[in-house]
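Fold and geometry: a report
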Amino acid sequence: MKNECKIIQDILPLYVEDVASDETKAFVDEHLADCEDCRNMLYCMKQPPEMSIGLSAAPLIHLKKKLLKKRIATVLFTAAVVLTIAITVFAFLTSPQYVPYSSDVLTLFDEGGIVLCTFDDQVTGFYVNHYISEDGATGVFSITAWNTIWDLHFVKQSKQSVAIVLSDGRQSFKQAAIYYQNNDGTEDVLLFGSDPHGSNGIITLPRLVLGYYLVAAVLACLALSASLMIFSKKQRVKIWIERILLYPISYILSHFLVMCVQGLFTVTYSTERNFLLILLVSTIVYLACLSGTHLYRARKEGKSE
């Protein structure tokens, strides 16, 4: 019987594949009817081969995650570049072009304690800055007017006006003055009242603070670059220093993008506006740098493999 089992076991592969002759199949069927061991072997041979999911799927899962990270980095990089270009164009189109004073630009009407200022059509924006002495006796007002490429060509404008209150019935200035700031290095023009300082030689100078921030960013780059050299052998620390270093670099690039489109370098009459734009652009450029660095490393690792 054992010899017959050996013969049957040799034939079973042909039997399972259904390539044996009819006589051989009948012989195997007759044997299987009485032999439990051969039936068990036939059952095992008919089962699909077991696959080790953990070992076979792990490389595919790792590759899938790697491709997903690369895809996300590509989308972020592309979106950041597009946003950077869009905001830079926006900064150029909305950059204030200060209107120098002329009799046509601004008309004043004294309404007895209230001075009404009406601007010409070429003025699309204005700002009134004021200084009031501690005792409330002296009030100095400075008017700045500008237009932008966006407002002149894409927005329908109407004449604008502003009322400057010098007396409201309860309190009035003993001495009041209204100036027009040219913001071009020339003297401010006295429009109304008398100069509290007894002189008309007032010049409004641009702010230099953005230049200080730029210098601080350059110094930060130098300090972080030195740190990279010190911790060059500590890979984890080096990676974090590189990530931090990217932001002052992004700030420097953003400073030039925002300021140069306005024809300026470090001085500005619109400090808050330009600083907020630089921060916004620098954040987007930083995301672009992070995504671009990730893509570069992934491509480098792909070539090394």
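Here, the structure is the one placed above.
Conventions adopted
- Residues numbered from 1 in each chain as written.
- Predicted model: local features only at pLDDT ≥ 70, side-chain atom pairs only at ≥ 80, totals over all residues.
- Heavy atoms only, no water.
- Pairing = 2+ DSSP bridges.
- Helix = DSSP H or I, 4+ residues; strand = E, 2+ residues; numbered from the N terminus.
- Phe/Tyr/Trp six-rings, centres within 6.5 Å; stacked < 30°, edge-to-face > 60°.
- Axes fitted to C-alpha atoms, helices over the stretch in contact; angles between N-to-C directions.
- Parallel < 35°, antiparallel > 145°, perpendicular 65-115°, else oblique.
- Left-handed = near helix turned anticlockwise from the far one by under 90°.
- Contact = heavy atoms within 4.5 Å.
- Nonpolar A, V, L, I, M, F, W, Y, C, P; charged D, E, K, R; others polar.
- Buried < 20%, exposed > 50% of the residue type's maximum accessible area, 1.4 Å probe, protein only.
- Arc of directions from axis to C-beta.

1. Points about the pairing of strand E2 (residues 106–110)
- One ladder, built from 5 bridges, connects E2 with strand E3 (residues 114–119); its direction is antiparallel. Within the sheet, the bridge partner assigned to leucine 108 lies in E3 and is cysteine 117.
- Connecting E2 to the next strand, E3, in antiparallel fashion are 3 residues, including glycine 112 with a positive phi near 75 degrees.

2. Regarding the packing of aromatic side chains
- By the definition in use, this model includes 8 aromatic pairs.
- Note on tyrosine 98 and tryptophan 146: the rings are 6.3 Å apart at their centroids and 80 degrees apart in plane angle, and the pair reads as edge-to-face. Placement of the pair is tyrosine 98 in strand E1 (residues 97–98) and tryptophan 146 in strand E5 (residues 138–147), with a sequence separation of 48 residues.
- Taken together, the ring pairs in this structure connect Tyr98, Trp146 and Tyr269 into an aromatic cluster.

3. Quick word on the sheet that holds E3
- Reading across from one edge, E2-E3-E6 is the order of the 3 strands in this open sheet, with antiparallel pairing throughout. Of all the strands in the sheet, just E2 and strand E6 (161–165) have a single pairing partner and so form its edges. The average undirected angle you get between the axes of adjacent strands in this sheet is 20 degrees.
- Of the pairings in the sheet, the one linking E3 to E6 comprises 5 bridges and is antiparallel in character.

4. Let's talk about the packing of helix H6 (residues 209–230) against helix H7 (residues 235–260)
- Remark: H6 packs on H7, axes separated minimally by 9 Å, with the N-to-C direction vectors making an angle of 155 degrees. Our classification of the angle between H6 and H7 gives roughly antiparallel. Here the hand of the crossing between H6 and H7 comes out left-handed. Residues Leu210, Tyr213, Leu214, Ala217, Val218, Ala220, Cys221, Leu224, Ser225, Ser227 and Leu228 of H6 touch H7, and the partners they reach there are Lys238, Ile241, Glu242, Ile244, Leu245, Pro248, Ile249, Tyr251, Ile252, His255, Phe256 and Met259.
- Here the residues of the contact of H6 with H7 sort into 18 nonpolar, 3 polar and 2 charged.

5. Some remarks on the environment of glycine 263
- Here glycine 263 shows up in the loop between H7 and helix H8 (271–304).
- Considering only alpha carbons, one finds glycine 263 and lysine 70, 193 residues apart in sequence, at a separation of 38 Å.

6. Looking at the environment of leucine 106
- With respect to the helices and strands, the residue leucine 106 is situated in strand E2.
- Assessed through its relative accessible area of 4%, leucine 106 is described here as buried.
- Discounting residues that sit within four places of it in the chain, leucine 106 has contacts with Tyr101, Cys117, Thr118, Phe119, Ile143, Tyr180 and Leu191.

7. Some words on helix H2 (residues 22–32)
- Restricting attention to buried positions, one finds in H2 the residues Val28, His31 and Leu32. Along the axis of H2, the buried positions cluster into a sector of 95 degrees, meaning they face one direction only. Projecting away from the buried face of H2 at angles above 90 degrees are the exposed residues Asp22, Glu23 and Glu30.

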